[in-house]
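Here's the letter readout for the chains.
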Amino acid sequence: MEFDAVGPEKIIEVYNPKIGMHGFVVIDNTALGPGKGGIRMTGNVTSNEVARLARAMTWKCALADLPFGGAKAGIIADAQQISKGHKEDMIIAFANAIKIVVPDLYVAGPDISTTMEEMRIFAETIGDLSACTGKPAQMGGIPHEVGTTGYGVFLATKQACEFLAMDLKNKKIAIEGYGNVGSFAGKFLTQAGAILTDVSDKGGLIHDPNGLSHDKLMDAIAHKGSVVYYPNANVLPNDAILDAEVDILITAAIPDRIKAKDVEKIKAKLIVEGSNIPISLEVEKILHEKGIWVVPDFIANAGGVISSYIEYIHGTEKEAFQRIEKTIPKNTLKIFEQSNAQGRVPREIALELAQEKILKACKTCRYL
Ligand code: NAD
């Protein structure tokens, strides 16, 4: 794990042998406010991955002008392989174990394999509605299931297309991962006339050059658990998403999805990072040299944390969507324009802006 002028401030590792719960919270930086970030539940999550995600949250909140710092949590468990009851026990054990920092230094939220149901359990265990966001509406929450992150990814894609003078209509799109983020991005993109030719999830990749139907994809997931059960699907390994003959590639699943060795395969002219940390700065530089534009994760997928902030201040779902509309296209355009003017990758520009803001806040922060 790397330490620098920004953080991480706190790394907490927790373990409950009775439940088999083993997890981490990394609070990267709290100069702008309590550390904000979701709880990821995957079989291979590590403290290092959580720290990198926490740092991405620090940049994301700063760039979205939110009074939140950056944090993230992870529980090592394959949510698809455990029972509903065991998953609930894991969340309860995790919440009890990290109570000491919630909500003053860490405010949780949903992430891979955690939803409004886990947020309900988490808030009830902590005994404080401010413990997390993405809660069910009955608890005063704005669940991420309303699609705020995917909507922001769609807006970032639309704005990037306008900047690149690409008409989104009839553009071929591939989406890696069709969970919360990927499916809502797919819904809004197809509504805007884009053609969804390639979609992957944990089960594999499906491809149809004439376009896949978002509704049929959702049916396959709802009834059988994966996009590979799409009617008459031509199923390929999910890694093949990188070879897709598309104009736009949206990442919405795993970290480090595109590595240097993959750059040769990419046909898309635009990549929008719906997922967190899918591409390193070094690899984005190689992509940029090849003429491929990338909207960085902390710009493109900020919709979730913007909606979290609106929930945190007791605003409405409508206000969340409005704030996303005000923030994400503006930031996408700003970063692309500066990138174009300076001949540098968008991520580098965005990082500098975020870093400047955080380091200034650190100087005036009483506690750091
Ligand atoms: P999710 O659990 O709802 O969906 C994850 C999807 O990825 C599923 O379709 C799963 O089958 C698929 N997947 C898993 N392994 C895969 C693989 N090897 N190849 C292709 N697909 C694979 O998770 P989510 O909430 O949609 O999060 C996805 C990404 O977006 C994560 O990086 C997360 O950190 C990021 N993100 C989520 C939110 C949010 O509001 N949920 C906000 C910001 C960023």
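Up top is the structure.
Residues numbered from 1 in each chain as written. Predicted model: local features only at pLDDT ≥ 70, side-chain atom pairs only at ≥ 80, totals over all residues. Heavy atoms only, no water.

**Q** For the nonpolar core, give the residues involved together with the corresponding values.
**A** By size, the foremost hydrophobic cluster in this structure holds 65 residues, and its most contacted members are Ile-173, Leu-217, Leu-270 and Val-295. Those residues in contact with Leu-270 that sit more than four places away from it in its chain are Thr-157, Ala-160, Cys-161, Leu-164, Asp-247, Ile-248, Leu-249, Ile-292, Trp-293, Val-295 and Phe-336. Ranked by size, the runner-up nonpolar core spans 30 residues in total, among them Ile-75, Ala-95, Phe-122 and Met-139. (Core = buried A, V, L, I, M, F, W, Y, C linked by side-chain atoms within 4.5 Å. Buried < 20%, exposed > 50% of the residue type's maximum accessible area, 1.4 Å probe, protein only. Contact = heavy atoms within 4.5 Å.)

**Q** Can you break down the sheet that holds strand 10 (residues 235–236) residue by residue, with the values?
**A** Sheets are built from strands that pair by backbone hydrogen bonding, the pairs being arranged parallel or antiparallel. Strand order across the open sheet formed by 7 strands is 10-9-8-7-11-12-13, with mixed pairing between neighbours. Sheet topology places strand 10 and strand 13 (293–295) at the edges, where each strand pairs with a single neighbour. Of the strand pairs in this sheet, strand 11 (residues 248–251) and strand 12 (residues 270–273) are connected by 4 bridges, and their pairing is parallel. The residue of strand 12 that forms the bridge with Thr-251 is Glu-273. Running at roughly 155 degrees to strand 12, helix 4 (residues 148–163) makes contact with strand 11, strand 12 and strand 13 of the sheet. (Pairing = 2+ DSSP bridges. Helix = DSSP H or I, 4+ residues; strand = E, 2+ residues; numbered from the N terminus. Axes fitted to C-alpha atoms, helices over the stretch in contact; angles between N-to-C directions.)

**Q** With reference to specific residues and values, describe the packing of helix 10 (residues 317–342) against helix 11 (residues 346–364).
**A** Helix 11 packs onto helix 10 with a crossing angle of 115 degrees between their chain directions and a minimal axis gap of 8 Å. Our classification of the angle between helix 10 and helix 11 gives roughly perpendicular. The two elements helix 10 and helix 11 meet at a crossing, and its hand is right-handed. On helix 11, the residues that touch Lys-334, Ile-335, Phe-336, Gln-338, Ser-339 and Gln-342 of helix 10 are Pro-346, Ile-349, Ala-350 and Leu-353. For the contact of helix 10 with helix 11, the per-class residue count stands at 6 nonpolar, 3 polar and 1 charged. (Parallel < 35°, antiparallel > 145°, perpendicular 65-115°, else oblique. Left-handed = near helix turned anticlockwise from the far one by under 90°. Nonpolar A, V, L, I, M, F, W, Y, C, P; charged D, E, K, R; others polar.)

**Q** An account of helix 9 (residues 303–312) is needed here, citing residue identities and associated values.
**A** Side chains three or four residues apart in an α-helix point the same way, a direct result of the helix having 3.6 residues per turn. Buried residues dominate helix 9, accounting for 9 of its 10 residues. Among the residues of helix 9, those classed as buried are Gly-303, Gly-304, Val-305, Ile-306, Ser-307, Ser-308, Tyr-309, Ile-310 and Glu-311. Against the buried residues of helix 9 lie strand 3 (35–36), helix 1 (47–63), helix 4 and helix 10. Directly beyond the C-terminal end of helix 9, a positive phi value near 65 degrees is found at His-314.

**Q** Help me get a handle on the side chain of Thr-251, residues and values and all.
**A** Within the secondary structure, Thr-251 is located in strand 11. Not counting residues within four places of it along the chain, the set of residues in contact with Thr-251 comprises Glu-176, Ile-258, Ile-271, Val-272, Glu-273, Gly-274, Ser-275 and Pro-278.

**Q** Summarise empty space enclosed by the protein; cite the residues concerned and give the values.
**A** Within this structure, the stated rule accounts for 1 cavity of 30 Å³ or more. In this structure, the largest cavity encloses a volume near 30 Å³. Lining the largest cavity are Ala-174, Ile-241, Leu-242, Ala-244, Val-246, Leu-249, Ile-266, Lys-267 and Ala-268. (1 Å grid on protein atoms, 1.4 Å probe; cavity = no way out; pocket = protein on both sides within 12 Å on 5 of 7 lines; lining within 4 Å. Points joined across faces, edges and corners; volume = space filled by probe spheres on them.)

**Q** Tell me about a nonpolar patch on the surface, and name the residues and values.
**A** Judged by side-chain polarity, Met-1, Phe-3 and Ile-11 come together as a nonpolar surface patch covering roughly 290 Å² of accessible area. Along the chain, Phe-3 turns up in the segment before strand 1 (10–16). When its relative accessible area of 55% is taken as the criterion, Phe-3 is described as exposed. (Patch = residues over 30% accessible without salt bridge, like charges linked within 9 Å, V, L, I, M, F, W, Y side chains within 5 Å. Areas by Shrake-Rupley, 256 points an atom, 1.4 Å probe, with all protein chains shown as cover. Salt bridge = Lys/Arg side-chain N within 4 Å of Asp/Glu carboxyl O.)

**Q** Describe helix 11, and please don't skip the residues or the numbers.
**A** Given a rise of 1.5 Å per residue, 19 residues ought to cover 27 Å, and the 28 Å separating the end C-alpha atoms of helix 11 matches this to within 8%. Turning to helix 11, its buried residues number three or more, namely Pro-346, Arg-347, Glu-348, Ile-349, Ala-350, Leu-351, Ala-354, Ile-358, Ala-361 and Cys-362. (Expected span 1.5 Å × (residues − 1).)

**Q** Quick rundown of the site of the ligand? Include the residues and the values.
**A** If you check the shell around the ligand, you find 22 residues, and the closest are Arg-40, Asp-111, His-144, Thr-149 and Asn-276. Contact between the ligand and Lys-202: an oxygen atom at 2.9 Å from a main-chain N or O atom of the residue. For the ligand, an oxygen atom lies 2.8 Å from a polar atom in the side chain of Asn-276. Taken by itself the ligand offers 820 Å² of open surface, and the protein chains cover 85% of this. Of all the elements in the fold, those that place two or more residues in the shell around the ligand are helix 5 (180–191) and strand 8 (195–201). (Near = heavy atom within 4 Å. Polar contact = N/O pair within 3.5 Å; in protein donor to acceptor, adjacent residues only side chain to side chain.)

**Q** Tell me what's going on with the side chain of Asp-201, and back it up with residues and numbers.
**A** Inspection of the secondary structure puts Asp-201 in strand 8. Polar side-chain contacts of Asp-201 include one of 2.8 Å to the backbone nitrogen of Gly-203. Side-chain polar atoms of Asp-201 contact the backbone nitrogen of Val-227, separated by 2.9 Å. Setting aside anything within four residues of it in sequence, one finds Asp-201 in contact with Gly-177, Tyr-178, Gly-225, Ser-226, Val-227 and Asn-238.

Structural measurements only, silent on function.
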